[in-house]
Amino acid sequence: MTTTFITGANKSLGYETARRLIEAGHAVLLGARDTGRGQAAADALGARFVQIDVTDDASVAAAAADVEAREGGIDVLINNAGVLGPHHPADQLTAADASAVLDVNVVGIVRVTHAFLPLLRKSANPVVVNVSSGMGSFELTHDTTRAEGRVVAPLYTASKAAVTMLTTQYAKSWPDVRVNAADPGYTATDFNGHSGPQTVTEGTDAIVALATIGPDGPTGTFRDRHGDVAW
């Protein structure tokens, strides 16, 4: 059975990804910062809850140690945890605001991936999926016919551009691991007050597809539910 660890999985895209992968036969380890919400989500889905705060070195190390002790290793890591950041005008954004967003959205991926890579390498088909966004695409954010081109969110967009580049560099560095980035698209979630036109299931299509690739699957790609994303 494929064992999959998902961060930020107690709600929205992470929760739906967990639900779909369990349905597909994966043993899902549901990672979340809040113990109460995380355990409730895991119980509802039939997953195992693992407490993890992606901004805390000790929490991430403890989560990896817990998984090593219980499961021995994992096959798939989905770095889904993320924050939008403050809704301030650009001229009011501070260095502290930037640090907080980047610590979750970018440094958090580095922190978790570093801790879980030894567990992934125990798999015959190790896979990493980083949840990025078309909001981090230079091309899409300059296309005013698209939602990505009409939203101004400097810190979130910068963080997601970094996630996509980090993904390609990891893929180049680790030929034994399939590492890809997924763009959920404009999906109805807490991030946007459930205003997105896509359902949460449609928003997880790319994540699920990339989480279920075989050893001959792609690596270093950036994809949404329709295919490769220009960036």
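Residues numbered from 1 in each chain as written. Predicted model: local features only at pLDDT ≥ 70, side-chain atom pairs only at ≥ 80, totals over all residues. Heavy atoms only, no water.

What about the overall build of the protein?
In terms of regular secondary structure, the protein is built from eight helices and eight strands. Viewed in the frame of its principal axes, the protein has a C-alpha envelope of about 45 × 35 × 30 Å. Here the protein holds 231 residues, and 49% of them are scored as buried. Partitioning the contacts of the protein with sequence separation of at least 6, the portion at a separation of at least 24 is 66%. Counting every atom, the protein has about 10,300 Å² of accessible surface; 54% of that belongs to carbon and sulfur. With 17 positive and 25 negative side-chain charges, the protein shows a separation of 2 Å between the mean positions of the two kinds. (Helix = DSSP H or I, 4+ residues; strand = E, 2+ residues; numbered from the N terminus. Buried < 20%, exposed > 50% of the residue type's maximum accessible area, 1.4 Å probe, protein only. Contact = heavy atoms within 4.5 Å. Areas by Shrake-Rupley, 256 points an atom, 1.4 Å probe, with all protein chains shown as cover. Lys, Arg positive; Asp, Glu negative; His and termini not counted. Charge placed at Lys NZ, Arg CZ, Asp CG, Glu CD.)

Description of the environment of Val 106
The residue Val 106 is located in helix 4 (residues 95-120) in this model. As for Val 106 and Ala 161, which are separated by 55 residues in sequence, their C-alpha atoms are 9.5 Å apart. Not counting residues within four places of it along the chain, the set of residues in contact with Val 106 comprises Val 101, Ser 159, Ala 162, Val 163 and Leu 166.

Some thoughts on the environment of Asp 53
Position of Asp 53 among the secondary structure elements: in the loop between strand 3 (48-51) and helix 3 (57-70). For Asp 53, a relative accessible area of 18% corresponds to the buried category. As a C-alpha pair, Asp 53 and Pro 118 span 65 residues in sequence and 19 Å in three-dimensional space. When neighbours within four sequence positions are excluded, Asp 53 is seen to be in contact with Arg 33, Ser 59 and Val 60.

Some words on the packing of helix 4 against helix 6 (residues 154-173)
It is at 9 Å that the axes of helix 4 and helix 6 come closest, and there the two elements cross at 20°. Relative to helix 6, the element helix 4 lies roughly parallel. As for the relative orientation of helix 4 and helix 6, their crossing is right-handed in sense. For the pair helix 4 and helix 6, the contacting residues are Asp 97, Ala 98, Val 101, Leu 102, Asn 105, Val 106, Ile 109, Val 110 and Thr 113 in the first and Leu 155, Tyr 156, Ser 159, Lys 160, Ala 162, Val 163, Leu 166 and Tyr 170 in the second. Looking at the contact of helix 4 with helix 6 residue by residue, the classes come out as 12 nonpolar, three polar and two charged. (Axes fitted to C-alpha atoms, helices over the stretch in contact; angles between N-to-C directions. Parallel < 35°, antiparallel > 145°, perpendicular 65-115°, else oblique. Left-handed = near helix turned anticlockwise from the far one by under 90°. Nonpolar A, V, L, I, M, F, W, Y, C, P; charged D, E, K, R; others polar.)

A look at the nonpolar core
Ranked by internal contacts, the top residues of the largest apolar core, which has 28 residues, are Phe 5, Val 67, Ile 74, Leu 77 and Phe 116. Elements with a contribution of two residues or more to this core: helix 3, helix 4 and helix 6. Looking at this core element by element, the count peaks at eight residues for helix 4. Residues within four places of Phe 116 in sequence aside, it is in contact with Phe 5, Ile 52, Val 60, Ala 63, Ala 64, Val 67, Ile 74 and Leu 77. The next biggest cluster of nonpolar side chains, apart from the first, holds 24 residues, and it includes Val 28, Leu 30, Ala 47 and Val 76. (Core = buried A, V, L, I, M, F, W, Y, C linked by side-chain atoms within 4.5 Å.)

Here's the deal with unusual backbone geometry
The phi torsion at Ser 12 lies on the positive side, around 50°, for a residue other than glycine. Position of Ser 12 relative to the elements: it lies in helix 1 (residues 12-23).

Regarding the sheet that holds strand 3
Pairing is mixed across the open sheet formed by eight strands, whose spatial order is 3-2-1-4-5-6-7-8. Both edges of this open sheet fall to strand 3 and strand 8 (227-228), since each of them pairs with a single strand only. Pairing between strand 7 (residues 222-224) and strand 8: two bridges, direction antiparallel. Its bridge partner being in strand 8, Arg 223 is matched across the sheet by Asp 228. Its contacts with the sheet place helix 4 against strand 1 (3-6), strand 4 (76-79) and strand 5 (127-131), and it is angled at close to 175° to strand 4. Helix 6 contacts strand 5, strand 6 (178-182) and strand 7 of the sheet and is inclined by roughly 165° relative to strand 6. (Pairing = 2+ DSSP bridges.)

These figures capture arrangement, not role.
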